[in-house]
Amino acid sequence: FNAAMLDQPRDTKASKVRSNVTNINVINFPGLNTLGISLARIDYGPLGVNTPHIHPRATELLTVLEGTLYLGFVTSNPNRLFSKIVKKGDVFVFPKAMIHFQMNLAHDKPAAALSSLSSQNPGVISIANAVFGSKPPISDDVLATAFQVEKDLIHWLQSQFWGNTNY
């Protein structure tokens, strides 16, 4: 799969969240079929974020290639955050199906990471996109009650662009 050019930084300026994910999985690299592995390169612009998301079918091992990242995941019952600041060469693991995120802490330079996943098709569910951008939308009554906010805020959140942030 020579065309991947994972050594090349990707543009992050076109993204609202200032990051860009390049996936190598069974969908674009059929040679991974039945092997149970995939990977991704994540590029972060200054203060770029890989927004909270889950991989329903994979554990993720992230290696920092360049820069300094703040990252973490939240366990289930109780909802406990495990977070860390990591630098070039550091490795961090995100357990399967746990909400996790990364953020470039630098205000003036990019960062990059390589993510190895334990599935040929790990899937991804972006939390904000799923909750506020689903089609058809989740009932504003349900969301206002769940988040304990006014419906006007829910309507505003649902009106924002909730396209594919990276995947």
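Cut-offs and rules
- Residues numbered from 1 in each chain as written.
- Predicted model: local features only at pLDDT ≥ 70, side-chain atom pairs only at ≥ 80, totals over all residues.
- Heavy atoms only, no water.
- UniProt positions renumbered as here; feature names shortened; annotations may be inferred.
- 1 Å grid on protein atoms, 1.4 Å probe; cavity = no way out; pocket = protein on both sides within 12 Å on 5 of 7 lines; lining within 4 Å.
- Points joined across faces, edges and corners; volume = space filled by probe spheres on them.
- Helix = DSSP H or I, 4+ residues; strand = E, 2+ residues; numbered from the N terminus.
- Nonpolar A, V, L, I, M, F, W, Y, C, P; charged D, E, K, R; others polar.
- Pairing = 2+ DSSP bridges.
- Axes fitted to C-alpha atoms, helices over the stretch in contact; angles between N-to-C directions.
- Domains from an automatic or database assignment.
- Buried area = accessible area lost by both parts, 1.4 Å probe.
- Salt bridge = Lys/Arg side-chain N within 4 Å of Asp/Glu carboxyl O.
- Polar contact = N/O pair within 3.5 Å; in protein donor to acceptor, adjacent residues only side chain to side chain.
- Phe/Tyr/Trp six-rings, centres within 6.5 Å; stacked < 30°, edge-to-face > 60°.
- Contact = heavy atoms within 4.5 Å.
- Buried < 20%, exposed > 50% of the residue type's maximum accessible area, 1.4 Å probe, protein only.

Going by an unreviewed UniProt entry, the chain carries the name Germin-like protein and comes from Aegilops tauschii subsp. strangulata. Taken from UniProt, the Sequence similarities (unreviewed entry) comment for the chain reads in full: "Belongs to the germin family." Under the UniProt heading Catalytic activity (unreviewed entry), the note attached to the chain is "oxalate + O2 + 2 H(+) = H2O2 + 2 CO2".

Enquirer: Just checking my understanding: could you explain the layout of surface pockets for this structure?
Expert: Over the atoms, a rolled probe matching the size of one water molecule traces out where space is still vacant. Looking at the largest pocket, its volume works out to about 210 Å³. Taken together, 16 residues line the largest pocket, and the ones lying closest to its centre are Pro9, Arg10, Thr12, Tyr44 and Pro110. Of all elements in the fold, only strand E2 (38-44) and strand E9 (111-117) reach the threshold of two or more residues within the lining of the largest pocket. Element by element, the count of residues in the lining of the largest pocket is highest for E2, at three residues. When the residues that make up the lining of the largest pocket are grouped by side-chain class, the tally is six nonpolar, two polar and eight charged.

Enquirer: Just checking my understanding: could you explain the sheet that holds strand E7 (residues 91-94) for this structure?
Expert: Strand-to-strand pairing in sheets goes through backbone hydrogen bonds, with the strands running parallel or antiparallel. Reading across from one edge, E1-E2-E9-E4-E7 is the order of the five strands in this open sheet, with antiparallel pairing throughout. Here the strands that pair on one side only, and so sit at the sheet edges, are strand E1 (19-24) and E7. Strand-to-strand twist in this sheet, taken as the mean axis angle between neighbours without regard to direction, amounts to 20°. Here E1 pairs with E2 via six bridges, running antiparallel. Bridge pairing links Asn23 to Ala40 in E2.

Enquirer: I keep staring at the domain arrangement of the chain and nothing clicks. Help me out?
Expert: How big an interface is tends to be reported as the loss of accessible area on association of its parts. Assigned domains within the chain: domain 1 (1-123) and domain 2 (124-162). Here domain 1 and domain 2 have C-alpha centroids that lie 25 Å from each other. The contact between domain 1 and domain 2 buries some 550 Å² in all, and 65% of this surface belongs to carbon and sulfur atoms. Where domain 1 touches domain 2, the interface holds zero salt bridges. For the pair domain 1 and domain 2, the number of links is two residue pairs in polar contact (both at pLDDT 80 or more). Here the residues of the side of domain 1 that touches domain 2 sort into five nonpolar, four polar and one charged.

Enquirer: Looking at this model, I keep getting lost on the packing of aromatic side chains. Mind explaining?
Expert: Given two aromatic rings, their pairing is described by the distance between the two centres and the angle made by the two planes. By the definition in use, this model includes five aromatic pairs. Through a chain of ring-to-ring contacts, three or more aromatic side chains come together here, namely Phe73, Phe82, Phe92 and Phe94.

Enquirer: Would you mind showing me how to read the side chain of Gln120 here?
Expert: Note on placement: Gln120 falls in the loop between E9 and strand E10 (125-126). Polar side-chain contacts of Gln120 include one of 2.4 Å to the backbone nitrogen of Thr34. There is a polar contact of 3.3 Å between the side chain of Gln120 and the backbone nitrogen of Leu35. What Gln120 contacts, discounting residues up to four positions off in sequence, is Asn25, Val26, Leu32, Asn33, Thr34, Leu35, Gly36, Ile37 and Ser38.

Enquirer: Which parts of the structure should I look at to understand the pairing of E7?
Expert: Regular strands place their side chains on alternate faces of the sheet. Only one face of E7 is buried: it carries Phe92 and Phe94, and the other face, with Val91 and Val93, is open. Sheet topology places strand E4 (residues 60-66) next to E7; four bridges connect them, and they run antiparallel. When the bridges of E7 are listed, Glu60 appears paired with Phe94.

Enquirer: Help me understand the UniProt feature "binding site: oxalate" (unreviewed entry) in the chain, please; the structure alone is not making it clear to me.
Expert: In the numbering adopted here, UniProt assigns the feature "binding site: oxalate" (unreviewed entry) to Asn50, His55 and Glu60. Here Asn50 shows up in strand E3 (residues 49-54). Given a relative accessible area of 1%, Asn50 falls into the buried group. Mapped onto the fold, Glu60 is located in strand E4. Of the residues examined, Glu60 reaches a relative accessible area of 2% and is grouped as buried. When sequence neighbours within four positions are dropped, the list of residues in contact with Glu60 reads His53, His55, Phe92, Val93, Phe94, His100, Gln102, Ser115, Ser116 and Leu117.

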